[in-house]
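# Residue-level structure breakdown
Each chain, written out:
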Amino acid sequence: MNGYMGQVLYVNLSSGETRVEPLPEEQARAFVGGSGLAARIAWDMIDRHTDPLGPDNPLILMTGPLVGTAMPSAGRYSICARSPLTGIWGEANSGGFVGPQLRFAGYDGIVITGQASEPTWLSIVEGQAELRDAAALWGLDAYETQARVRQELGEPKARVVCIGAAGENRVKMAAVMNDHGRAAGRTGLGAVMGAKNLKAIGLRGTAQVPVAHPDALRDTAREITHNLDEDIPAIAIQLAGTAGYVDMALMYGDMPIRYYQQGEWSAASNLSGVLMVDQFQNRNTACYRCPIACGRETRAPSYGVDAVDGPEYETLGALGTLPMIGDLEAVIYAGHLCNVLGLDTISAGATIALACEMFEQGILTPANTGGVEIRYGDAAMVHRLIGMMARREGFGDLLAEGSASLAERFGVPELAVTVNRLEVPVHDPRAFAGMAAIYALSPRGACHMQGDMYGVDTGQGAPWELGVPPGDRFETSEEKGRVAARQQAWRNLYNALILCQFQNPGVEPLLAAFNSVTGWELQADDLMTIGKRIVTLKRQLNLRLGLCRADERLPDLLTRPLTEGGTEGNVPDLDALLRGAYAEYGWDMETGQPGQEAAAALQLET
Ligand code: SF4
């Protein structure tokens, strides 16, 4: 099977058993890889009784056919499970070198079930899997853990997936970390790993991914790399990382301020990517075979840290504009704390900002925060709360449960800016209306990585040929809902291949690469069909896990227009958008289930 290593490693941490199973070709053809294939595997393993932190919840690491090949920017892996933060399908993916290394070690993916009785780590070297004692690793931060695992393997080039304190303490927004400070951040999958007593996975191998037409793939890869010279968005993030979007986001009103309630703030421009490059950048960094190299290494000398991974745009918003921290170095340091402790910066920052708002409204007082004054603009407080959250110390124990839980506990559920209990990232649907449909229908709750309508409507990387043209960013018609659904399907295909979403060579080059790797003779329309099939399968899984149509809503604060800034007076009409998206997917407006016709066209069960 070209494009695949052809086997998946199954690990049961309760029994200590490991076994290898062939990857079913029909599943690979239907769901490709990444979170698509992981969802298909999970379909046979989870239902509404599966405890996200229990032994039966499978933690699935999965690569895709492009990973580890000559295709540029295809060095990612997905990690998936039922989310402890949201209760529905959880998925995250991360770049770096882990995805390719997992394939070179011999596997397309790993499915981990059970619960080890003692801290454990998993070694996979040249196909050989071994469970090892992690007593000496437990308690180490994410960076120390990666270094120690490499040392214990005696493989300085090994790649490591691990958790920090947050994962060990089952913090609901714990990230899975790899390649120093890269994070599979969202939906709390670090807590699933921690609950399994699995501290790390060390990977090393020298196998090669079988490619059907290597010469054709090399030609396509060369063409894609050559064409990057004319890809303005790619050049922009090469120059300033994703932080380079800050200035544009502020202009559009896309970067939420003061817990999503303020349209303008002069200090926000302190967080500009241009300033970051000028004042704090050490160097830029790249994932496996990526000519874009959007990664940043910065520094925070005032805090004694000379190398920080990031910050990304999302971190600058979640730990900057949301809690009103306009000191760039303080935000860089906050991101660093999240990296070493293994926390999702988006959910962590948004939850702290919610606490600021609750404190300001008098809903929280020092009496129930253990004496901590949680005020907007206090960088030292943000740094302190990050540590308390990761260690579940004092009030941090409540923060560790996430925004929805915090707001419910104090009787103000309407205050949490979440969709399906996942904190809304740093893209405001009042700025790009299509994001309202994306958030409401995202398989993992509010997610900007499964339908970037802010990219589409600013002309960045949209697949026009497949019916995703840029348009009016405020439009909330049914047609806009259809476009959003197509972009959501397109990005779900990306998350299956797995290709970085900053690599947008166009439909034809991507199709050529996919066909060259696999030898399949897919047409462009097939790509959209696969994307819709994956979204629909994840939806069916979520309906099984208890999701219902009433959950497809925007949080209250995002339905209120702002009085100034780039979104002034604008609120999207979610109902119109959803009617269009439902029609595009062929889902029933009453039940939320795919109709018979849609299910048949997508070759899915009903
Ligand atoms: S663009 Fe950035 S995130 Fe994407 S593969 Fe390249 S370095 Fe990694």
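Keep in mind that this is a model prediction, so the values were computed, not measured. (Residues numbered from 1 in each chain as written. Predicted model: local features only at pLDDT ≥ 70, side-chain atom pairs only at ≥ 80, totals over all residues. Heavy atoms only, no water.)

### A short note on the sheet that holds strand 10 (residues 176-178)
The following threshold applies: Any two strands with at least two DSSP-identified bridges between them are counted as paired. Helix and strand assignments come from DSSP, with helices taken as H or I runs of at least 4 residues and strands as E runs of at least 2, each series counted from the N terminus. Throughout, an axis means a line fitted to C-alpha atoms (over the contacting stretch in the case of helices), and angles, computed between N-to-C directions, take values from 0 to 180 degrees.
With respect to topology, six strands assemble into an open sheet ordered 8-7-12-9-10-11, the strand pairing being mixed. Both edges of this open sheet fall to strand 8 (128-133) and strand 11 (182-184), since each of them pairs with a single strand only. When the angles between neighbouring strand axes are averaged without regard to direction, this sheet yields 20 degrees. Here strand 7 (residues 120-125) runs beside strand 12 (residues 198-204); their pairing, made up of six bridges, is parallel. Each bridged residue has a counterpart across the sheet, and for S123 the counterpart in strand 12 is G202.

### Description of helix 19 (residues 478-497)
Here is the rule we go by: What a helix is expected to span follows from its residue count: subtract one and scale by 1.5 Å. Between buried and exposed lies partly exposed: a residue is buried under 20% and exposed over 50% of the maximum accessible area for its type, with that area taken using a 1.4 Å probe on protein chains only.
With 20 residues, helix 19 should cover 28 Å at 1.5 Å per step; its first-to-last C-alpha distance of 29 Å lies within 8% of that length. Burial runs high along helix 19: 17 of the 20 residues are buried.

### Some words on the site of the ligand
Note the cut-off: A molecule or strand has a residue near it when one of that residue's heavy atoms lies within 4 Å. Under the scheme applied, nonpolar residues are Ala, Val, Leu, Ile, Met, Phe, Trp, Tyr, Cys and Pro; charged residues are Asp, Glu, Lys and Arg; polar residues are all the others, including Gly. Segment limits for the domains were obtained from an automatic or database-derived domain assignment.
Surveying the vicinity of the ligand reveals the residues S73, R76, R182, A286, C287, C290, I292, A293, C294, C500 and F502. Among the residues making up the shell around the ligand, the classes are represented as eight nonpolar, one polar and two charged. Of the residues that make up the shell around the ligand, three or more belong to each of domain 1 (7-204) and domain 2 (241-422).

### Quick word on the domain arrangement of the chain
Our working definition: Residues count as neighbours in contact if any of their non-hydrogen atoms are within 4.5 Å of one another. One side-chain nitrogen of Lys or Arg within 4 Å of one carboxyl oxygen of Asp or Glu is enough to make a salt bridge. Nitrogen and oxygen atoms within 3.5 Å of one another constitute a polar contact, given that in protein one can donate a hydrogen and the other can accept it, and given that sequence-neighbouring residues count only through two side-chain atoms.
Split by domain assignment, the chain resolves into domain 1 (7-204), domain 2 (241-422) and domain 3 (430-553 + 573-601). The distance between the C-alpha centroids of domain 1 and domain 2 comes to 26 Å. Contacts between the two partners involve 37 residues from domain 1, matched on the other side by 32 residues from domain 2. Here domain 1 and domain 2 share two salt bridges between them. Notably, a salt bridge pairs E401 with K172, separated by 2.7 Å at the nearest N-O pair. Between the two partners, domain 1 and domain 2, sit 17 residue pairs in polar contact (both at pLDDT 80 or more). Ranked by residue count, the leading element in the side of domain 1 that touches domain 2 is helix 5 (residues 165-168), at three residues. Counted by class, the side of domain 1 that touches domain 2 contains 18 nonpolar, 14 polar and five charged residues.

### As for the packing of helix 10 (residues 273-280) against helix 12 (residues 328-341)
Filter applied, for reference: Any angle from 65 to 115 degrees is called roughly perpendicular, while one under 35 is roughly parallel, one over 145 is roughly antiparallel, and all others are oblique.
At their nearest, the axes of helix 10 and helix 12 sit 11 Å apart, and the two run at 85 degrees to each other. In terms of axis orientation, helix 10 runs roughly perpendicular to helix 12. Across the interface between the two elements, L275, M276 and F280 of helix 10 pack against L328, E329 and I332 of helix 12. The residue inventory of the contact of helix 10 with helix 12, partitioned by class, reads five nonpolar, no polar and one charged.

### Looking at unusual backbone geometry
Cis geometry marks the peptide bond from G310 to P311; its omega dihedral reads 10 degrees. Counting through the fold element by element, P311 comes out in the loop between strand 15 (305-309) and helix 11 (313-321). Residue I498 is bonded to the preceding L497 through a cis peptide linkage, with omega at -20 degrees. Mapping I498 onto the fold places it in the loop between helix 19 and helix 20 (507-518).

### Overview of the sheet that holds strand 14 (residues 295-300)
Reading across the sheet, the three strands line up as 13-14-15 and stay open at both edges, with antiparallel pairing between neighbours. In the strand order of this sheet, the two ends are held by strand 13 (281-285) and strand 15, each with one partner. Neighbouring strand axes in the sheet, compared pairwise and without regard to direction, differ in orientation by 25 degrees on average. Pairing of strand 14 with strand 15, which is carried by three bridges, proceeds in the antiparallel orientation. Its bridge partner lying in strand 15, T298 is registered against V308. Along the sheet, helix 12 contacts strand 14 and strand 15; its crossing angle with strand 15, the most-contacted strand, is approximately 70 degrees.

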